[in-house]
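Descriptive analysis of the structure
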Amino acid sequence: MKRDGLASEIIGFAKSEETRAIALELEFVDRVESSAAEAVRDADLVVLCVPVGAMSAVAKEIGPVLKAGATLTDVGSVKRSIIELVSPHITEDIHFIPGHPLAGTENSGPRSGFADLFKNRWCILTPLANTDAAALDGLKNLWEGMGANVEEMDPDHHDLVLAVTSHAPHLIAYTMVGVADDLSRVTDNEVVNYSAAGFRDFTRIAASDPTMWRDVFLNNKEATLEILGRFTEELFDLQRAIRRGDGQQLFDYFSRTRAIRRGIIEAGQDTDVPNFGRGDGDGA
Ligand SMILES: NC(=O)C1=CN([C@@H]2O[C@H](COP(=O)(O)OP(=O)(O)OC[C@H]3O[C@@H](n4cnc5c(N)ncnc54)[C@H](O)[C@@H]3O)[C@@H](O)[C@H]2O)C=CC1
Ligand SMILES: O=C(O)C(=O)Cc1ccc(O)cc1
């Protein structure tokens, strides 16, 4: 927003003085305030970027001072629960439009952001039934101005989709790294020393912020449990195929999943590894 001049003034709030000082030093805010209520006073747009579990407390604090006609949005990784946590604290003259940019890394804090973070990434908005069309357009333009592709979605659908694509995979990564850690005591650290690419990817994901991810699971309970239930069923199926020596079942399953990866690459959805998976031989 700062780089592209998308806001006339950007005011930051963070709990710790150190974070506020870093935000000023990096110059992505024009000024900082030591209270959330002070930071949002007179703002046309307020973006809540706190862990899901802190959304309610922050909304309660800023609710009474938000300017009439202001747009309030958020970047939280779940949507239904945030609507329930924030809505009670705001009045009808505030345009509340929940949002979720599908962009980030395993790192947190002000130094982990970068100006191109949202470029070519999806940003999902989950407007409410009575959302003002002009406010929605304004927010869409802002995200598009930062290079994102905006999609509107029903909040429950968002939570189910994200349970499949993000939340369950994070839990699986956390578990796999935990299992390896238990084993490393048996294998004298070989798990860490010889970790191949697959496991390294798991460790990156499993290094994500514990508070943020605790709150994601506590607030997307139903959808995550539904997906994990399906996941364990399929896992048991594959386990049985290995035990029985059913190579055909394994081969068929892996062929199906390989096609999904290729579909993602062809749709141009993987900007991290643009050439990975293209023209890679005979599949032996
Ligand atoms: N990290 C990621 O890759 C992504 C994160 N998100 C969502 O964005 C939100 C923020 O995550 P990050 O920016 O990664 O975290 P972060 O740790 O970089 O920033 C969180 C901020 O919230 C503040 N905070 C924490 N508890 C608070 C409280 N009780 N009252 C006031 N402030 C409080 C912290 O001081 C910190 O400044 C989360 O809801 C997360 O689900 C969404 C997409 C990607
Ligand atoms: O680091 C990664 O691979 C991520 O998946 C980042 C991320 C984390 C949480 C979100 O809600 C969206 C994106």
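Residues numbered from 1 in each chain as written. Chains lettered and ligands numbered in written order. Predicted model: local features only at pLDDT ≥ 70, side-chain atom pairs only at ≥ 80, totals over all residues. Heavy atoms only, no water.

Looking at an unreviewed UniProt entry, one finds the protein named Prephenate dehydrogenase, with Amylibacter marinus as its source organism.

**A few points about the site of ligand 1**
For clarity, the cut-off: What makes a residue near a molecule or strand is one non-hydrogen atom of that residue sitting within 4 Å of it. Here a polar contact is recorded for every N or O atom pair within 3.5 Å, except that within protein the pair must consist of a potential hydrogen donor and a potential acceptor, and residues adjacent in sequence are included only if both atoms are side-chain atoms. Only the protein chains shown count as cover for residues, with accessible areas throughout obtained via the Shrake-Rupley method and a probe of 1.4 Å. Every helix listed is a DSSP run of H or I at least four residues long, and every strand listed is a run of E at least two residues long, numbered separately from the N terminus. Each residue gets one label: Ala, Val, Leu, Ile, Met, Phe, Trp, Tyr, Cys and Pro are nonpolar, Asp, Glu, Lys and Arg are charged, and the others, such as Gly, are polar.
Close to ligand 1 lie 21 residues, the nearest being Val50, Val75, Ser77, Ala103 and Gly109. Contacts to ligand 1 include Ser77, whose side-chain N or O atom sits 2.7 Å from an oxygen atom. Summarising the interface, the protein chains cover 76% of the accessible area of ligand 1, which totals 830 Å² for the free molecule. Contributions of two or more residues to the shell around ligand 1 are made by α3 (55–62) and β6 (99–101). Classifying every residue of the shell around ligand 1 gives 13 nonpolar, seven polar and one charged.

**Things to note about the packing of aromatic side chains**
Which entries qualify depends on this criterion: Under the pairing criterion, centres of Phe, Tyr and Trp rings, with the six-membered ring standing for Trp, must be within 6.5 Å; the plane angle then separates stacked pairs below 30 degrees from edge-to-face pairs above 60, leaving the rest tilted. For the exposure calls, accessible area comes from a 1.4 Å probe over protein chains only, and a residue counts as buried if that area is under 20% of its type's maximum, exposed if over 50%, partly exposed in between. In this scheme, Lys NZ or Arg CZ marks a charge over a ring once it lies within 6 Å of the ring centre and within 35 degrees of the ring normal.
Scanning the model with the defined rule gives two aromatic pairs in all. Between Phe118 and Trp143, the ring centres sit 4.9 Å apart and the planes meet at 90°, which makes this aromatic pair edge-to-face. Of this pair, Phe118 sits in the loop between β6 and β7 (122–125) while Trp143 sits in helix α5 (residues 133–145), and the two are 25 residues apart along the sequence. Accessibility expressed as a relative area gives 19% for Phe118, which makes it buried. Here Trp213 and Phe217 contribute two aromatic rings whose centre-to-centre distance is 5.9 Å and whose plane-to-plane angle is 40°, an arrangement assigned as tilted. Placement of the pair is Trp213 and Phe217 together in helix α9 (residues 210–219), with a separation of four residues, close to one helical turn. Accessibility expressed as a relative area gives 5% for Trp213, which makes it buried. Positioned above the aromatic ring of Tyr253, the side-chain terminus of Arg256 is 5.0 Å from the ring centre.

**Quick notes on the confidence of the model for the protein**
Applicable threshold: Scored between 0 and 100, pLDDT is the confidence that the predictor attaches to each residue.
Within the protein, residue pLDDT values average 91, and 92% of them lie at 70 or more. Interface scoring of the predicted complex returns ipTM 0.98; its pTM is 0.92.

**Quick word on the site of ligand 2**
Close to ligand 2 lie Ser77, His100, Gly104, Thr105, Glu106, His170, Arg204, Ile205, Met212 and Trp213. In the environment of ligand 2, an oxygen atom lies 2.6 Å from a nitrogen or oxygen atom belonging to the side chain of His100. Summarising the interface, the protein chains cover 82% of the accessible area of ligand 2, which totals 340 Å² for the free molecule. Broken down by secondary-structure element, the contributors of at least two residues to the shell around ligand 2 are α8 (197–206) and α9. Of the residues belonging to the shell around ligand 2, the class tally is three nonpolar, five polar and two charged.

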